[in-house]
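As a plain string of letters, each chain reads:
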Amino acid sequence: MAYGNELTVALLAVQRATLLTKRVFHEKAKGTVSKDDKSPVTLGDFGAQALIISAIKRNFPNDEVVGEEEASVLRANNTLREQIWDLVQGARLENSDAEDKIGGPIQSVEDLLDAIDHGTSAGGPKGRIWALDPIDGTKGFLRGGQYAVCLALIVDGDVKVGVLGCPNLPVDDSAPLDENVSSDQTDETGKGVLFSAVRGEGATSRPLSRGALQQSQPIRMKDLTDVTQATFCESVEAGHSSHGDQAEIAKLLGITKSSVRMDSQAKYASIARGAGDIYLRLPVSKSYVEKIWDHAAGDLIVREAGGEVTDATGKSLDFSRGRTLSENKGVVAASKGVHAQVLEAVKTVLESK
Ligand SMILES: Nc1ncnc2c1ncn2[C@@H]1O[C@H](COP(=O)(O)O)[C@@H](OP(=O)(O)O)[C@H]1O
Ligand SMILES: [Mg+2]
Ligand SMILES: [Mg+2]
Ligand SMILES: [Mg+2]
């Protein structure tokens with residue numbers, strides 16, 4: 001299989017990072033710090049970024065990483081740094097071959113900080129670049145909702161491998177979408193999914209484990225032709241996409257079911273496994289540019305599951321422009337049978353503004 005080694009490393013690295021994020025998820029104090037743009041970052045985000053980059057560095061030392069977080073806060077804050085060091089040391093896969101494959105534990109606090117700060121690649125159209133979102137949906141993570149650990153390999157501007165670790169999604173691919181939304185903080189039975197795709201080779205899901213990788217199974221978008229029957233999902237956060245525009249679009253399409261709100265790229269994963277049909281993310285502001293780490297893995301997983309992903313104007317998402325999707329506005333993801341119709345409605349609603 002093309003990119004087989006990259007896929008294995010990415011799956012194990014994401015799986016190991018979820019051991020850490022799950023632990024922080026259940027802690028009352030998550031070490032939340034506010035970033036310059038006022039958005040939150042937690043012990044979970046820093047720890048997961050360190051673990052995943054360290055696995056990439058060990059296996060592919062020449063590859064670049066576009067990671068969401070950086071370590072300056074930790075360099076200045078001893079308490080936070082020590083807490084993350086403890087968490088990172090505690091996050092080991094319970095299968096020594098698997099743990100060895102991704103390089104084993106991080107060796108020192110300096111290595112930990114260096115790993116986090118290795119995510120500063122400018123991105124772009126040439127070379128091998130990993131896009132990493134250590135916790136996507138940090139606000140959901142803090143609220144007890146959905147979140148995803150997201151990793152994708154982009155080669156010469158094209159996404160080749162995508163992995164999403166979703167600890168709070170049901171393992172059952174056929175669970176209805178509204179059962180995918182909330183997580184039970186005390187009971188993890190039947191929850192935790194690792195999604196992946198390789199370009200040209202389809203998309204899969206498997207249960208998250210604490211050791212070696214579990215057996216995977218293929219996933220497919222639902223074959224929907226009557227758009228009025230669609231289930232559509234959108235962000236929980238009204239500040240991240242326009243709930244108003246999205247409601248107008250749904251109405252225009254004759255969709256009667258209310259939207260299912262869910263944090264993170266769990267939305268991409270959910271439509272890819274056929275739990276939902278449409279994911280709409282329409283801009284709330286003219287100035288916001290989407291980040292590649294918020295979309296790279298999900299975009300590939302949906303397309304490999306037989307879906308179509310474009311922006312609000314019908315263009316494919318362009319991951320070759322740097323750290324952001326500067327050539328795109330919004331996201332419209334849907335099954336092939338209805339995507340054109342959905343896009344038409346999106347254009348009609350946006351042009352009327
Ligand atoms: N104004 C805005 N418009 C669109 N996305 C935004 C935004 N402000 C923040 N985001 C992004 O929305 C992501 C979460 O998406 P969702 O709403 O689907 O859960 C955040 O990822 P992080 O949680 O990794 O920071 C962040 O990058
Ligand atoms: Mg963030
Ligand atoms: Mg994100
Ligand atoms: Mg994030």
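The numbering scheme is per chain: residues are counted from 1 as the chain's sequence reads. Each chain gets a letter, beginning with A, and each ligand a number, beginning with 1, in the order they are written. Side-chain atom pairs in this predicted model are given and counted only at pLDDT of 80 or more, local residue features only at pLDDT of at least 70, and totals for whole chains, interfaces and linings cover all residues. The side-chain numbers reported here are obtained from all heavy atoms of the structure, hydrogens and water having been left aside.

In the annotation of an unreviewed UniProt entry, the entry for the protein chain reads 3'(2'),5'-bisphosphate nucleotidase, and the organism field reads Patellaria atrata CBS 101060. What UniProt states about the protein chain under its Function (unreviewed entry) heading is, verbatim, "Converts adenosine 3'-phosphate 5'-phosphosulfate (PAPS) to adenosine 5'-phosphosulfate (APS) and 3'(2')-phosphoadenosine 5'-phosphate (PAP) to AMP." UniProt, in the comment section headed Cofactor (unreviewed entry), describes the protein chain in these words: "Mg(2+)". UniProt positions are given in the numbering used here, feature names are shortened, and annotations may be inferred rather than shown by experiment.

S.K.: Before we go on, may I ask you to explain the packing of helix 4 (residues 78–90) against helix 6 (residues 109–116) in this structure?
M.R.: Any two packed helices are characterised by the angle at which their axes cross and by the distance between the axes. Running from amino to carboxyl end, helix 4 crosses helix 6 at an angle of 95°, the nearest separation of the two axes being 11 Å. Regarding the angle of helix 4 to helix 6, the classification is roughly perpendicular. In this structure, helix 4 contributes Arg-81, Ile-84, Trp-85 and Val-88 to the contact, and helix 6 contributes Val-109, Leu-112 and Leu-113. Three categories are distinguished: nonpolar for Ala, Val, Leu, Ile, Met, Phe, Trp, Tyr, Cys and Pro, charged for Asp, Glu, Lys and Arg, and polar for the others, with Gly belonging to the last. The class makeup of the residues in the contact of helix 4 with helix 6 is six nonpolar, no polar and one charged. The convention used is that axes are lines fitted to C-alpha atoms, helices contributing only their stretch in contact, and that angles between N-to-C directions extend from 0 to 180 degrees. Secondary structure is summarised from DSSP: a helix means a run of H or I of at least four residues, a strand means a run of E of at least two, and numbering begins at the N terminus for each. Orientation is classified from the angle alone, with under 35 degrees giving roughly parallel, over 145 giving roughly antiparallel, 65 to 115 giving roughly perpendicular, and any other angle giving oblique. For this analysis, residues touch if any pair of their heavy atoms sits within 4.5 Å.

S.K.: Explain the site of ligand 1 to me, please; I cannot follow it from the model alone.
M.R.: Nearness is judged by heavy atoms alone; a residue qualifies as near a molecule or strand once a single heavy atom is within 4 Å of it. Lining the immediate environment of ligand 1, one finds 16 residues, of which Ser-235, His-240, Ser-264, Lys-267 and Asp-294 sit closest. Polar contact is the term for a pair of N or O atoms within 3.5 Å; when the atoms are in protein, one must be able to donate a hydrogen and the other to accept it, and sequence-neighboring residues count only if both atoms are side-chain atoms. Between ligand 1 and the protein, one listed contact pairs an oxygen atom with a side-chain N or O atom of Glu-68 at 3.1 Å. Protein contact buries 87% of the 580 Å² of open area that ligand 1 shows by itself. For the shell around ligand 1, the element with the most residues is strand 4 (residues 128–136), which contributes three residues. Class assignment for the residues of the shell around ligand 1 results in two nonpolar, six polar and eight charged. Counting only domains with at least three residues in the shell around ligand 1, you end up with domain 1 (4–219) and domain 2 (227–351). Note on areas: Shrake-Rupley, 1.4 Å probe, and residue coverage restricted to the protein chains presented here. What marks off one domain from the next here is an automatic or database domain assignment.

S.K.: Explanation requested: the pattern of salt bridges in the structure shown.
M.R.: Pairing is possible between side chains of opposite charge, provided their charged atoms come close. Each reported salt bridge corresponds to a side-chain nitrogen of Lys or Arg within 4 Å of a carboxyl oxygen of Asp or Glu. This structure, assessed with the given rule, holds 21 salt bridges. Of the charged contacts, one joins Arg-128 and Asp-63 as a salt bridge, the two residues approaching to 2.8 Å between their closest N and O atoms. With Arg-128 in strand 4 and Asp-63 in the loop between helix 2 (43–59) and strand 3 (64–67), the pair connects residues that are 65 residues apart, well separated along the chain. Categorising residues by exposure relies on relative accessible area from a 1.4 Å probe, with only protein chains included: less than 20% of the type maximum marks a residue as buried, more than 50% marks it as exposed, and the intermediate range marks it as partly exposed. Among the residues examined, Arg-128 registers a relative accessible area of 26% and is labelled partly exposed. We classify Asp-63 as buried; its relative accessible area is 8%.

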